[in-house]
Amino acid sequence: MRSIEAFKNQKILLFGKPRAFDVHEFAMQLEAFCITFAQSYEEDVACIVEGRLLTPYEQNEFDRLYALGLKEKFLCIDDFEKLLIANIEPDTLLMSLKLSHDRNRLFAYLKNSQIDDTLFLKLLKLYDWQGEGFFDTDANRDITAALISRFYTNIEQNHNVQYATLGLMHLVEQRCEGELIASIAALAPLKNGFEQPSLFAILHAIAKNAATPENVLKMFLKNGSFAIQQSIAARKNLSVPLQNLIFLQNDPLLCETLCKNENITPALIEKLQENYASILAQFVQLDGAYFELFLLKSPLTLALNTSLTCKQQERLSALVRQDVTQALAKNEALCERVAQILLACDDGIKTLLFANPALSEVHLREAYAMPQYHLALAQNPATPAEILEKLGSLGEFAVLQALCKNPNTPIATLYELRLDLRLDRLVSENERFGAHIKTENIGWKI
């Protein structure tokens, strides 16, 4: 593609109007390259530009010139404006906008879909929201819509999402660029809106996003609600400085959340184990030393820890404590050797086992022959689909309720269960059924 320099000190003939720029800005950009407008075609016209919204007279003249064989001089407005935008000096433009405080010019650039994302985010920092929310004024609504439209994945399939607060939330959930997330977090309506319920979903999405920069998370810890602080404390790969910052807040519930974080440091485990041993025992990534420590302090919750080795599970089962055995039976990382030991226990333990997705398919199929375990099988997402179908035909209401919630229940069975009005809502809340509905583009009211 040619450079805009090719048209410097020359004339262009524009039919219609610019698209990315308003008329005033378009003229300013041309002036910077000493490009002037021709009123009609002359030999010295370097370029004939097809803009938008041609009048009937302009369309006739445009067609006439095209028919004269001047094809090499024709250029559509989109391509011509791209040449102009490619030569914009971002720093010069930013300085000009800062000094001039020209809100209308800034507004026009932010709505210009041709500028690149980096420049857009720099310009967005200059926008004055005037103390209002994202959609509280027409101008703010348009800028918010421009932000969402630019970065939202598959925006063309989600009409009008750019005009909804949830659109910003979904945008944050979709993207993994730290600069973009930081730019959104720095927007005045969010920075000043930690107490506004309508913004909680966006704030939570930022707090949970793996790409959110550390400085943003620190700001959220300082200004955010307790729920946002909890979201940060539960983050995967939570940095050591942030772990320490949360611990120093000395909040029992935040400390409990920290204890459940698999990335918690040994130094913090040492500090927390005195008061939160039962929680740490369930969630800490075990090694030999931690196993021995929590075997003494809290064997009950230790039995639920999914990082237990098979040998460690055997040691817990050897304690012959009913409560510990029950916890082991629910452990989703239960090994086959220990499962065999527990299958020799009483019906209460077996019921827990048959609801555990760690149990082998062979055992689950055998359990179907015993009606007392049907409810457990209906709850188990590892139960084979054909057995779930059979359970759906038996008519026991508690079993049917469990099937409605089971993500492995066949779609055809879920449709049948929906025919019972008592079960309709439970089926609608089933994640697998919801995903199927979206795929099939079917909706329902809940």
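Scroll up for the structure.
Note that the structure is a prediction, hence the values are computed from the model and not measured.

(A) Broad picture of the overall build of the protein. Regarding its fold elements, the protein presents 29 helices and 4 strands. Taking the principal axes of its C-alpha atoms as reference, the protein extends roughly 100 × 55 × 35 Å. Each of the 446 residues in the protein was classed as buried or not, and the buried ones make up 44%. Partitioning the contacts of the protein with sequence separation of at least 6, the portion at a separation of at least 24 is 52%. Accessible area of the protein: about 23,300 Å², with a carbon and sulfur share of 52%. For the protein, the centre of its 43 positive side-chain charges and the centre of its 55 negative side-chain charges are spaced 2 Å apart.

(B) Structural detail: the side chain of Asn 305. Relative to the elements of secondary structure, Asn 305 occurs in the loop between helix 18 (299-302) and helix 19 (310-317). Within the structure, the side chain of Asn 305 is placed 2.9 Å from the backbone oxygen of Ala 281, a separation counted as a polar contact. Separated by 2.6 Å, the side chains of Asn 305 and Ser 307 make a polar contact. Beyond its immediate stretch of four places on either side in the chain, Asn 305 contacts Leu 280, Ala 281, Gln 282, Phe 283, Val 284, Leu 286 and Asn 331.

(C) Region of interest: unusual backbone geometry. A positive phi angle, close to 55°, is found at Cys 34, a residue other than glycine. Locating Cys 34 in the fold gives a position in the loop between helix 1 (23-32) and strand 2 (36-37). Cys 34 gets classed as partly exposed once you look at its relative accessible area, which sits at 43%. Phi is positive for Asn 250, close to 55°, though the residue is something other than glycine.

(D) Spotlight on the packing of aromatic side chains. A complete count under the given rule lists 14 aromatic pairs for this structure. Centre to centre, the rings of Phe 26 and Phe 80 are 6.0 Å apart; their planes meet at 55°, and the pair counts as tilted. Placement of Phe 26 in helix 1 and of Phe 80 in helix 3 (residues 77-86) is noted, with a sequence separation of 54 residues between them. Each of the two residues, Phe 26 as well as Phe 80, counts as buried. Taking 4.9 Å as the distance between ring centres and 90° as the angle between the ring planes, the aromatic pair formed by Tyr 127 and Trp 129 counts as edge-to-face. Given the relative accessible area of 5%, Tyr 127 is considered buried. Among the aromatic residues, those joined into a cluster by ring pairs are Phe 7, Phe 26, Phe 37 and Phe 80.

(E) Representation of the pattern of salt bridges within the structure. In total, this model carries 18 salt bridges according to the counting rule given. We note a salt bridge from Glu 177 to Arg 175, for which the minimum N-O separation is 2.7 Å. A network of salt bridges, in which partner residues are shared, links Lys 111, Asp 138, Arg 141 and Asp 142.

(F) Up close: the nonpolar core. Counting residues in hydrophobic clusters, the biggest one holds 130 residues, and the most contacted among them are Phe 80, Leu 123, Ile 206 and Phe 220. The residues touching Phe 220, leaving out its near neighbours within four places in the chain, are Ala 185, Phe 194, Leu 203, Ile 206, Ala 207, Ile 228 and Ile 232. Core analysis: the next-biggest nonpolar cluster, separate from the first, contains 10 residues, Val 45, Ile 48, Leu 65 and Leu 70 among them.

(G) Expanded view of the state of the cysteines. This structure, assessed with the given rule, holds 1 disulfide. Paired by a disulfide, Cys 310 and Cys 335 hold their sulfur atoms 2.3 Å apart. Between Cys 310 and Cys 335, the disulfide has an S-S torsion of 60° and is therefore right-handed. In this pair, Cys 310 sits in helix 19 while Cys 335 sits in the loop between helix 20 (322-330) and helix 21 (336-342), placing the two residues 25 residues apart along the sequence. Just so you know, Cys 47 is unpaired, no disulfide at all, and the nearest cysteine sulfur is the one on Cys 76, 9.6 Å from it.

(H) Examining helix 4 (residues 90-100) more closely. Leu 93, Leu 94 and Leu 97 are the residues of helix 4 that are buried. Across the axial projection of helix 4, the buried residues extend over an arc of 100°, all falling on one side. Opposite the buried face of helix 4, at more than 90 degrees from it, the exposed residues are Asp 91, Thr 92 and Leu 99. In this fold, the buried residues of helix 4 make contact with helix 5 (103-110) and helix 6 (117-124).

(I) Seen up close, the sheet that holds strand 4 (residues 74-76). Strand order in the open sheet formed by 4 strands is 2-1-3-4, with parallel pairing between adjacent strands. Because the sheet does not close on itself, it has two edges, and the strands there are strand 2 and strand 4. The sheet contact formed by strand 3 (residues 45-50) and strand 4 spans 3 bridges and is parallel. Counted as the bridge partner of Ile 48 is Phe 74 from strand 4. Here helix 3 sits on the sheet in contact with strand 1 (11-15), strand 3 and strand 4, set at roughly 80° to strand 4.

(J) Quick look at the pairing of strand 3. By the criterion of burial, strand 3 is predominantly enclosed, with 5 of the 6 residues buried. Looking at chain direction, strand 1 and strand 3 are connected through 5 bridges and run parallel. Directly across from Ile 12, in strand 3, lies its bridge partner Cys 47. In this fold, strand 3 hands off to helix 2 (residues 56-67), which returns the chain to strand 4; that crossover is right-handed.

(K) Focus on the side chain of Lys 73. The topology assignment puts Lys 73 in the loop between helix 2 and strand 4. Buried and unpaired, Lys 73 has no salt bridge, with Glu 43 as the nearest side chain of opposite charge at 5.0 Å. A distance of 3.3 Å separates a polar side-chain atom of Lys 73 from the backbone oxygen of Glu 43. Among all residues touching Lys 73, those that are not within four sequence positions of it are Tyr 41, Glu 43, Val 45, Ala 46, Cys 47 and Ile 48.

(L) Region of interest: the pairing of strand 1. For strand 1, a buried count of 4 out of 5 residues is recorded, marking the element as mostly surrounded by other parts of the structure. Two strands pair when backbone bridges link them, and strand 1 and strand 2 are joined in this way by 2 bridges, in the parallel orientation. Along strand 2, the bridge assignment pairs Ile 12 with Phe 37. Handedness of the crossover is the feature at issue here: the chain leaves strand 1, passes through helix 1, returns alongside strand 2, and the resulting connection is right-handed.

What counts, and where the lines are drawn
- For every chain, the first residue of its written sequence is number 1, and the numbers climb from 1 along that sequence.
- Residue-level local features of this predicted model are given only where pLDDT is at least 70; pairs of side-chain atoms are given and counted only at 80 or more, and the full residue set underlies all totals for whole chains, interfaces and linings.
- With hydrogens and water excluded, all non-hydrogen atoms of the structure serve as input to the side-chain values.
- Under the DSSP-based scheme used, a helix requires at least four consecutive residues in state H or I and a strand at least two consecutive residues in state E, with every element numbered from the N terminus.
- For every residue, the accessible area obtained with a 1.4 Å probe (protein chains only) is divided by the maximum for its type, and the residue is called buried under 20%, exposed over 50%, and partly exposed between those limits.
- Any two residues whose heavy atoms approach within 4.5 Å at even a single point are treated as in contact.
- Here, Shrake-Rupley sampling with a 1.4 Å probe gives the accessible areas, and only protein chains in the shown set may cover a residue.
- In this charge count, Lys and Arg are treated as positive and Asp and Glu as negative; neither His nor the chain ends contribute.
- Working definition for charges: the position is that of NZ of Lys, CZ of Arg, CG of Asp or CD of Glu.
- Under this definition, polar contacts are N or O atom pairs within 3.5 Å; protein pairs additionally need one hydrogen-donor-capable and one acceptor-capable atom, and for neighbouring residues in sequence, both atoms have to be side-chain atoms.
- Stacked, tilted and edge-to-face pairs are distinguished by plane angle, under 30 degrees for stacked and over 60 for edge-to-face with tilted covering the rest, among Phe, Tyr and Trp rings (Trp via its six-membered ring) whose centres lie within 6.5 Å.
- Just to be clear on terms, a salt bridge is a Lys or Arg side-chain nitrogen sitting within 4 Å of an Asp or Glu carboxyl oxygen.
- Note on terminology: a nonpolar core comprises buried Ala, Val, Leu, Ile, Met, Phe, Trp, Tyr and Cys residues joined through side-chain atoms within 4.5 Å.
- Working definition: a disulfide is two cysteine sulfur atoms within 2.5 Å of each other.
- Directions are taken from the helix axis to each C-beta atom, and the arc is the one they span.
- Between any two strands, pairing holds if DSSP finds at least two bridges.
- Simply put, an axis is a line fit to the C-alpha atoms, just over the touching stretch for a helix, and the angle between two N-to-C directions goes from 0 to 180 degrees.
- Looking down the strands as they point away from the viewer, one classifies a crossover as right-handed if the path from the first strand across the helix to the second runs clockwise.

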